[in-house]
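# Examination of the molecular architecture
Each chain, written out:
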Amino acid sequence: MLKLYKSFVVIILLTGILASCHGKVEETYVLTSLKNATNGTVLSIGFKYSFDSPNVVGAANNVALVREGNEIEFFIGEGLAAKLKDAEGKKIAIGARKYFTPYIHYVVDFLAAGTDTIQVGEPSNVKLPLLRPLAQFTAPEEYESVELNKLSPALGDLQGIKEKKFRVDNAKVTYDQVTEGGVTNPYYSINLKNVRFFVEDNNDVVLAVLDAIMREGKVFEGGVQYTSIPTSLSRDFRERLKAGGKIKIGYIMYGGNAVTFAI
């Protein structure tokens, strides 16, 4: 009976320590670093972990990228980007479950933001991309090499890349509000020396990676497909915005991997 009583006291103490260290975070979510959770150094029943003050480097819709040193992992959750934005300015923690297929990633169950707990839950429409270590990746042959510095908003210069897939390197990423025909829409832009291309994509992962590249001040390196010559846009509009039309992303070199998408 004495041994049973001592064990019961230990359980109460451990629960109290977990609660006092992390406010609203449930004790079933083991508090650890992203590296230790991913590498399996710290184990958890049900693979449930909590991450204190995570370094979210990019987010879009149902996807966020969390960095710890060179470790970058995908976190997914319903409306995750908007919920992270709502929690800006507060100390947050993420409660998430670790999944192993198609590779390690995390499904967010909740955010602890200050004294609030924001429920998240698994999204229904996120398709994770293929990942290939850079050392094992060769750009597919259909992605051609073009003279990027010779591209401009002039329609004649753009004819040479019509419907082509081509490689891009050392390009700046920006997020722009673009007004076309009286309608304003947000676009991520891939900016070359003389022209910019607007990314025509609703893939959450593509947008989250572009957001991370932009926010971390890195450059875009990857493969794109040119989808439309902007013949409907006036010359003044094209020259003022350096607008060269729209593209879709085939792959992006990021975080030590080639992140590839079907287009």
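Definitions and cut-offs
In this numbering scheme, every chain counts its residues from 1 along its sequence in written order. Two thresholds apply to this predicted model, a pLDDT of at least 70 for residue-level local features and 80 or more for giving and counting side-chain atom pairs, whereas whole-chain, interface and lining totals are computed over all residues. As a convention, hydrogens and water are excluded, and side-chain values are obtained from all of the structure's heavy atoms. Values of pLDDT, which run from 0 to 100, indicate the predictor's confidence residue by residue. Counting from the N terminus, the helices are the DSSP runs of H or I reaching at least four residues and the strands are the DSSP runs of E reaching at least two. Here a cavity means grid points, on a 1 Å grid over the protein atoms only, where a 1.4 Å probe fits yet cannot get out; a pocket means an open set of points with protein on both sides within 12 Å along at least five of seven lines; lining residues are those with an atom within 4 Å of a point. Grid points are joined across faces, edges and corners, and a volume is the space filled by probe spheres set on the points. Gly is placed with the polar residues, together with every amino acid not listed as nonpolar (Ala, Val, Leu, Ile, Met, Phe, Trp, Tyr, Cys and Pro) or charged (Asp, Glu, Lys and Arg). The term salt bridge refers to a side-chain nitrogen of Lys or Arg lying within 4 Å of a carboxyl oxygen of Asp or Glu. Relative accessible area decides the class of each residue, using a 1.4 Å probe on protein chains only: under 20% of the type maximum gives buried, over 50% gives exposed, and in between gives partly exposed. When DSSP locates at least two bridges between a pair of strands, those strands are taken to pair. In this text, buried Ala, Val, Leu, Ile, Met, Phe, Trp, Tyr and Cys residues form a nonpolar core when linked through side-chain atoms within 4.5 Å. Whether two residues are in contact is decided by their heavy atoms, any of which lying within 4.5 Å being enough.

## Describing the confidence of the model for the protein
Residues at a pLDDT of 70 or more form 90% of the protein, whose mean pLDDT is 87. Of all helices and strands in the protein, the one with the weakest mean pLDDT is helix 1 (residues 2-22) (35), whereas strand 4 (residues 63-68) scores best (98).

## Comments concerning the layout of surface pockets
Space inside the largest pocket adds up to approximately 280 Å³. Val-56, Ala-59, Ala-81, Ala-82, Leu-84, Lys-85, Glu-88, Ile-92, Asp-211 and Arg-215 are the residues that line the largest pocket. Those elements that provide at least two residues to the lining of the largest pocket are strand 3 (55-60), helix 3 (80-86) and helix 5 (204-215). Here the lining of the largest pocket takes 4 residues from helix 3, the largest share from any one element. Along the lines of polarity and charge, the residues of the lining of the largest pocket split into 6 nonpolar, no polar and 4 charged.

## Some remarks on the pattern of salt bridges
A full pass over the atoms with the stated rule returns 10 salt bridges. Measuring nitrogen to oxygen at the nearest pair gives 3.4 Å for the salt bridge that ties Glu-147 to Lys-150. Each of the two residues, Glu-147 as well as Lys-150, counts as exposed. Glu-239 is the partner of Arg-235 in a salt bridge, and the nearest nitrogen-oxygen pair spans 2.9 Å. With Arg-235 and Glu-239 both in helix 6 (residues 235-241) and 4 residues apart, this pair spans about one turn of that helix.

## Regarding the pairing of strand 14 (residues 220-228)
Sheet analysis places strand 11 (residues 165-180) next to strand 14, joined by 5 bridges and oriented antiparallel. By the bridge assignment, Arg-167 is partnered in strand 14 with Gly-223. Note: strand 14 against strand 15 (residues 243-254), 6 bridges, orientation antiparallel. In the strand pairing of strand 15, Ser-228 is matched with Lys-246.

## Focus on the nonpolar core
Grouped together as the largest cluster of nonpolar side chains are 44 residues, with contacts concentrated most on Phe-197, Phe-220 and Tyr-254. A total of 8 residues in this core trace back to one element, the largest contributor, which is helix 5. Excluding anything up to four places from it in sequence, Tyr-254 contacts Val-57, Leu-65, Arg-67, Ile-72, Val-209, Ala-212, Ile-213, Glu-216, Lys-218 and Val-259.

## Some remarks on the environment of Met-253
As for its placement among the helices and strands, Met-253 is situated in strand 15. Met-253 gets classed as partly exposed once you look at its relative accessible area, which sits at 27%. Considered as a pair, Met-253 and Phe-137 are 116 residues apart in the sequence and their alpha carbons are 9.7 Å apart. Once residues lying within four places of it in the same chain are set aside, the contact partners of Met-253 are Leu-134, Phe-137, Glu-221 and Ala-258.

## Quick word on the environment of Glu-216
With respect to the element layout, Glu-216 can be found in the loop between helix 5 and strand 14. Separated by 158 residues in sequence, Glu-216 and Gly-58 place their C-alpha atoms 8.6 Å apart. Ignoring anything within four residues of it in the chain, the contact list for Glu-216 reads Val-57, Arg-67 and Tyr-254.

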